[in-house]
Amino acid sequence: MSKKKKNMPPHWALKFLRLFIKREYIEEIEVDLEETYHINRQESSTVRANWRYVIEVFKLLRPNLIKSLAWNYSISPAGMYQSHFKTAVRGLKKNFGFSAINIFGLSLSIAVGILMILLISERYSFDDFHTQKDRIYKVTTNRVQGTKGEEVQLSTASYYIGNQLKEQVPGIDEVVFMKADRLSADFITERKAISINGFYASASFFDVFSFDLLQGNPQTALSEPNSVVLTRSSARKLFGDADPIGQVLNVEENGDFKSVVIAGVVADPPMNSHMRFDVLVSLSTVVKPFSETANDINSPDNTNDVSVYLLQNEQAKTEDIIGAMANLMGDYNKTIEHPIRHSLQPMETFVTSNTYANRMGPMFSERKIKIMLGLMLIILISACFNYTNLSMARALKRSKEVGIRKVMGASRSQVFTQFIMEALVLAFLALVVGLALFYIIRPQFLDLPNPAAMGHDMFSLKINYIHIVYFIGFTFIVGLLAGFQPAFLLSKYKALNAFQDASKFTLFSKGVNLRQVLTGFQFAISIGLIVFAVLVFKQYKFSLDYDLGYSTESIVNIPIEGDYINLLEAEIAKLPEVLETSKSSWVLGVGGDGMSVGMVMSKDNPKPTPFLVNQVDGSYLRMHELSFLAGSGFTRSLDEGQTQNHVIINEKGLQTLGVDSAADAIGKTILHNGNSLQIQGVVEDFISIALTKEIFESFAFVQANEATPYKSLNVKISSGNLQSSLAKLEVAYCKHDAIHPFEAHFYDDQIAKVYEREKTTFTIVSFLAFLAICISTLGLLGMAVYTLESRKKEISIRKVLGARLQNLLLLLSHEFLIIVLVSSAIAIPVVLYIVDRMVLNDFIHRIEIKVSDSLSGLVIMLSIGLLTIGWQIRAVFVKNPTDALKNQ
Amino acid sequence: MKKTKLGEFEELALLTVIVLQEKAYGVEIKKELETRLNQTLSVGSIQSALKRMEQKGFLTSEFGEATNKRGGKRKRIYSATSYAHKVLNEIKEIREALWKSIPQPKFSLLGI
């Protein structure tokens, strides 16, 4: 080969020549060039001859010698495609088993693809209904905050910067202020009362955001104090079909205002809005105009209270506004240690950005999308590999067909198109099946708990016309991806080779071949996903079963809003099912509205240190069975107005106060909230918030001397008929509170809910693992069927000669065994690393990764694979060997 | 002259084809012209001229026999059509007539 090459002109130039010269001229011109080349080589050097040759080739680029750019064939290509389509359909029918395996495998990945397309397109359509979306920005804040001295990024800003922007910075059309705290209150008419929540927004709200104001004046609806805009659904709940405009509503459980006037009705915010509300209250109701308010509200330092949205002028530049904000803050920043910096966040990242604290609305981070896309691609590629592998395995059978086509004058590109067409037909059949599968998984997916959505539905996953275009495009790509490799290889066959003895002819070089690598990839993905799912599930179970340090058994927690808790408690205590009751301001291990942090000082440690505080009544600690290191629990509940004088702290609290032993601490005095409290008991450490978080390790239980701090009524019920007990509790509850729905939960369920994120991760990963296993098993099945079909005679002869099933299994599955072992050797360490970094690191108390967990994927894959192969071998083995041997 | 449109280079190539007779194929024509014109020519220019003339009907061509020298590939032998002979004669006559029409003294000026 190399010797021949020496005397030949550069090959690439020849290839290039063939590319552009008209077909009918090519032979003659090629030979002319070659002859000239040899003459040149003899006359001067090879290098010069090569050089001349290349120049000659380029000089042949003449209009009358090159191929015309128009279609070369005089007949329309439609007929060819029609014929390809027909052969493709016939081929699929003929090899029904293989087609079914391929279609099913591809449809699994296409269903996931459909899900992803819908998810991504819905995510990117967030806030699209705002006609000025590209001009809406939010002012963000970077500053050092908190005790740890870390810089935080806030999605809130100050009234100060907002007002300065409005008055002094050019290029801003409107500024909207919205209080960062959501409003949650009971709105009451003469006949009805509902609990709704929403936002406080300044007057320019409707100039910036395109919420559809059905009734009322967009300019003035939110300008007067005490005026509100209701959504249509909440207006309907309160007034039915009557006109709500101008009606006066009473508001309860809210210190700031007592009655409001309805100034407008707005359409319900759509699902793809980053802010959701039932009501908008004018900001002037709670915040006085700039000039009249107290200094601390107007201070540039007050950066946690308000979200500042602005509508940028079309001509203005974002950088200029950011620069202007830096200038505005310049003087103030000189007076403080850590400067406060403001920046702008464009509307399209409101949902996607996960870096801001104080955010409002749902979140779907870029990272999450990337991970999901990555997983989808892996599943997709895995399914495409099935097609590739099975097609290439059957390539021998097809080689004669290719040979005949070539002899009949088909060009390589035509054969290529034919095979691509087959893949496309298959992919589109898979699309139909995939759509059906999608409708099966859709409700399950929508039901998955999504803590980042903040209690709202983020996605509807409805299919529009435009999505169908995406699906078709997507399927097209899948078809190309799956069909490219076989089409490329099969169309490469030379007509002559195709008719040679098939046994002499190998598709792959010896050693590791492409098919093995692709299969290995599939196995690695399946094994990896299994291990991932197993580990996440174990951590989830571990977190649920973790000894919290207190008892949660048969305890029902009822959230209470109002001051009737003592009355309700007294009534409930009379029920025969109720064993014990207690009151607390929040629920340990779950959290709640009443959760608070208090500064505690003692004589030994005069520096105030933060303690997590829960206000509980006399029976709380006893009922929850917290174990004491020293001292005792509260003996009785405090009466109204009685002074608090005792506190119970935990072990960590003891250490922060600088006391060595629990016994010593009893009777010592600490300062909390201006009260001096005596330490009455010390409890063992327990899980205060969740296994994922450990913000404040020091903990203090104090007692409340009035009803309102208690936000949760804890009821221990006997484990009889739980449903009827709950129903009785509800009856009692409804007597006292007609507005808020009864939302009692079993303590254990609440704890489980804390780990919803892990549960969702587990559900998604195990679903993907299931898909990956399905796909790779299908591929394996296809390969097994094919191998056995082509080795039927061999197996029959072996059987006749006395081989047993086990021998055959070993013979035929040793390749599979090697691939599985190699791929798990690659996949398992990678997955262990990822799980360790991305999942387990979020937990303080985490599981130990055991060898058995790591090997779970390998074991599952091995057993499924061996069963598949064994099943196929058995199918051949049980047949009479003469049947296979006699037909020649 | 109008209909024929035989360019100068084409005319030379055509004449060469006639001169070379049955040896008239690409490389040979190129060599012949190169020696006569005393300049290097590209394969492209020769081929382009030959194809053009074939289309205009000055040349016909057929594959010759395959030889070992050309690696088993055939060469294409060109031959001039009678139409080509006619046109060449026409051109020649026109040229001669023109030469004859040049007044005698000018010849001496041209150095002849």
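Residues numbered from 1 in each chain as written. Chains lettered and ligands numbered in written order. Predicted model: local features only at pLDDT ≥ 70, side-chain atom pairs only at ≥ 80, totals over all residues.

> Help me out: how do you make sense of the interface of chain B and chain A in this one?
Interfaces are often described in size by the accessible area the parts lose on coming together. On the chain A side, the residues contacting the 13 residues of chain B number 15 residues. For the side of chain B that touches chain A, the secondary-structure elements that each account for two or more residues are helix 2 (26–37), helix 3 (43–56) and strand 2 (74–80) of chain B. Broken down by element, the residue count for the side of chain B that touches chain A peaks at six residues, all from helix 3 of chain B. (Contact = placed C-beta atoms within 7 Å. Helix = DSSP H or I, 4+ residues; strand = E, 2+ residues; numbered from the N terminus.)

> Would you explain the environment of Ile565(A) in this entry?
All names here are of chain A. Looking at the element boundaries, Ile-565 is found in helix 18 (residues 565–573). Owing to 22 C-beta atoms within 10 Å, Ile-565 belongs among the buried residues under this scheme. Separated by 142 residues in the primary sequence, Ile-565 and Ala-707 have C-alpha atoms spaced 6.5 Å apart. The contact partners of Ile-565, leaving out residues within four places of it in the chain, are Ile-560, Lys-583, Ala-707, Tyr-710 and Leu-713. (Buried ≥ 20, exposed ≤ 12 C-beta atoms within 10 Å, placed from the backbone.)

> Where do I start with the confidence of the model for chain B in this structure?
When pLDDT drops low, the exact placement of atoms in the prediction is not to be read closely. All names here are of chain B. When the pLDDT values of chain B are averaged, the result is 81; 81% of them are 70 or greater. No element of chain B has a lower mean pLDDT than helix 5 (residues 104–109), at 61, and none a higher one than helix 4 (residues 82–101), at 88. Here the predicted complex carries an ipTM of 0.80, next to a pTM of 0.68. (pLDDT = per-residue confidence, 0-100.)

> Looking at this model, I keep getting lost on the confidence of the model for chain A. Mind explaining?
Here chain A averages 81 in pLDDT, and 92% of its residues register 70 or above. Ignoring residues within four places in sequence, the model shows residues 502–511 of chain A, a span with pLDDT below 50, making nine contacts including any to other chains.

> When you look at the environment of Thr16(B) in this model, what are you seeing that I'm missing?
Residue and element names in this part refer to chain B. Checked against the element boundaries, Thr-16 lands in helix 1 (residues 8–20). Under the C-beta neighbour-count criterion, Thr-16 is labelled buried, with 21 such atoms within 10 Å. Along the primary structure Thr-16 and Leu-33 are separated by 17 residues, whereas in three dimensions their C-alpha atoms are 7.0 Å apart. Contacts of Thr-16, omitting those with residues within four sequence positions, involve Ile-29, Glu-32 and Leu-33.

> Teacher, can you tell me more about unusual backbone geometry here?
Negative phi is the rule for most residues except glycine; trans is the rule for most peptide bonds. Residue and element names in this part refer to chain A. Notably, Ser-554 is not glycine yet its phi reads approximately 50 degrees, a positive angle. The topology assignment puts Ser-554 in the loop between helix 17 (514–545) and strand 13 (555–559). Of note, the phi angle at Glu-625 is positive, near 55 degrees, even though the residue is not glycine. Considering the arrangement of structural elements, one finds Glu-625 in the loop between helix 19 (620–623) and strand 17 (628–631).

> Would you mind showing me how to read helix 3 (residues 23–43) of chain A here?
Spacing of three or four residues puts side chains on the same side of an α-helix, whose turn is 3.6 residues. For helix 3 of chain A, with 21 residues, the first-to-last C-alpha span of 31 Å sits near the 30 Å given by 1.5 Å per residue. Of the positions making up helix 3 of chain A, those classed as buried are Glu28(A), Ile29(A), Val31(A), Asp32(A), Leu33(A), Glu35(A), Thr36(A) and Tyr37(A). Contacts from the buried residues of helix 3 of chain A go to helix 4 (46–59) of chain A together with helix 2, helix 3 and strand 2 of chain B. (Expected span 1.5 Å × (residues − 1).)

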